[in-house]
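As a plain string of letters, each chain reads:
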Amino acid sequence: MTLHKEGTELIICLLVVLTAILSTIYLFLGAGVVFWIMLVAMSILALLVINFFRYQPRFHIMADQPDVVVAPADGTVVVVEPACERRMLNGEECLQVSIFMSVFNIHVNWIPVNGVAEKVEHTKGRFRAAYLPKSSEDNESASVLIRTEQGFKVLVRQIAGAVAQRIVTYPKIGEHVHIDSNLGFIKFGSRVDLFLPLDSEVMVEPRQKVQGNITVIARLPKADTSGSR
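Residues numbered from 1 in each chain as written. Predicted model: local features only at pLDDT ≥ 70, side-chain atom pairs only at ≥ 80, totals over all residues. Heavy atoms only, no water.

S.K.: Quick question: what am I supposed to make of the overall build of the chain here?
M.R.: Of regular secondary structure, the chain possesses three helices and 16 strands. Here the chain holds 229 residues, and the buried ones make up 49% of them. Just so you have it, the chain exposes about 11400 Å², and 61% of that area is on carbon and sulfur atoms. (Helix = DSSP H or I, 4+ residues; strand = E, 2+ residues; numbered from the N terminus. Buried < 20%, exposed > 50% of the residue type's maximum accessible area, 1.4 Å probe, protein only. Areas by Shrake-Rupley, 256 points an atom, 1.4 Å probe, with all protein chains shown as cover.)

S.K.: Help me out: how do you make sense of the UniProt feature "transmembrane region" (unreviewed entry) in the chain in this one?
M.R.: UniProt's entry tags residues 7-28 and 34-53 with the feature "transmembrane region" (unreviewed entry), counted in the numbering of this structure. Helix makes up 95% of residues 34-53 and strand 0%, whereas the separation of the span's terminal C-alpha atoms amounts to 29 Å. (UniProt positions renumbered as here; feature names shortened; annotations may be inferred.)

S.K.: Where do I start with helix 2 (residues 33-52) in this structure?
M.R.: For an α-helix, the turn length of 3.6 residues means that residues three or four places apart are oriented alike. With 20 residues, helix 2 should cover 28 Å at 1.5 Å per step; its first-to-last C-alpha distance of 29 Å lies within 8% of that length. The set of residues buried in helix 2 consists of Phe35, Met42, Ala46, Val49 and Phe52. Along the long axis of helix 2, the arc covered by the buried residues comes to 120°, so they all point the same way. Facing away from the buried side of helix 2 by over 90 degrees, the exposed positions are Val33, Ile37 and Leu47. Elements in contact with the buried residues of helix 2: helix 1 (8-29), strand 2 (54-55) and strand 12 (182-186). (Expected span 1.5 Å × (residues − 1). Arc of directions from axis to C-beta. Contact = heavy atoms within 4.5 Å.)

S.K.: What should I look at first to understand the sheet that holds strand 15 (residues 209-210) in this one?
M.R.: Think of a sheet as strands paired side by side through backbone hydrogen bonds, with each pair either parallel or antiparallel. Spatial strand order, 11-7-8-9-13-5-4-15: eight strands in an open sheet with antiparallel pairing. Only two strands of the sheet have a single neighbouring strand rather than two, namely strand 11 (176-177) and strand 15. Summarising the sheet, strand 4 (residues 75-85) and strand 5 (residues 92-101) pair through nine bridges and their orientation is antiparallel. For Val79, the partnering residue across the bridge sits in strand 5 and is Ser98. (Pairing = 2+ DSSP bridges.)

S.K.: Even after reading the chapter, I still don't get the nonpolar core, so can you show me in this structure?
M.R.: If you look at soluble globular proteins, the nonpolar side chains tend to sit buried side by side. Val69 and Ile217 are the most contacted members of the largest nonpolar core, which has 30 residues in total. Elements with a minimum of two residues in this core: strand 5, strand 8 (141-147), strand 9 (153-160), strand 12, strand 13 (190-197) and strand 16 (216-219). Among the elements that take part in this core, strand 5 stands out by supplying four residues, more than any other. If we ignore the near neighbours within four places in the chain, the residues touching Val69 are Pro112, Val113, Leu194, Leu196, Thr215, Val216, Ile217, Ala218 and Leu220. With 17 residues, the next largest nonpolar core counts Leu14, Ile106, Val168 and Phe185 among its residues. (Core = buried A, V, L, I, M, F, W, Y, C linked by side-chain atoms within 4.5 Å.)

S.K.: So what exactly am I meant to see when it comes to the packing of helix 1 against helix 2 here?
M.R.: In a pair of packed helices, the angle between the axes and the distance between the axes together describe the arrangement. Where helix 1 meets helix 2, the axes come as close as 10 Å, and the angle between the chain directions of the two elements is 175°. On the basis of the axis angle, helix 1 is roughly antiparallel to helix 2. On the side of helix 1, the interface is formed by Leu10, Ile11, Leu14, Leu15, Leu18, Ile21, Leu22, Ile25, Tyr26 and Leu29, while helix 2 contributes Val34, Phe35, Met38, Leu39, Met42, Leu45, Ala46, Val49 and Ile50. By residue class, the composition of the contact of helix 1 with helix 2 is 19 nonpolar, no polar and no charged. (Axes fitted to C-alpha atoms, helices over the stretch in contact; angles between N-to-C directions. Parallel < 35°, antiparallel > 145°, perpendicular 65-115°, else oblique. Nonpolar A, V, L, I, M, F, W, Y, C, P; charged D, E, K, R; others polar.)

Written as structure tokens, this is what we have:
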């Protein structure tokens, strides 16, 4: 287990600030009760932040299979239902699978399928609690539309939560993306939505715990001869 690169700068700044505060307290008040209370509280805060940015490289044994959709995040499945996605799929009927990440989950996001990033879009919005249904439409988000080699469109959307104020997304338009690669990072409590072809076979259910790049979320249909899905 290591620290993700997205947390390096923040953790260094936090440690510098906490050290400065403790040094000031020690200078003016000495090693009294206030100093030790603050030391314990700040140590807990630092450990929580460090824990949040932990990172574990992962490799999926079915990464080369064209029909496999892996979990884009650690967390709990909160939605499995048909949906009409208007923002990037022009109202197309699809299957939505949403994963809520608490502050205790690893917040690295993963590429769910192999393909090409056709669209990458950042949308400004609100910061509702990420487990609420309306957060999918109203919250700050970043979306990546991936077209697989078989012609299917898979949309993955990173959604900010009530605490998360920054979304990092790595893929660029036209870039080939692959399972086992990082999609990005959402800082401090958030959600990831997947929009899949309507006739995909979903392998998870609500309230199920999943692991990013480990759990198989769904299998895509066997072939798309129309090229329009």
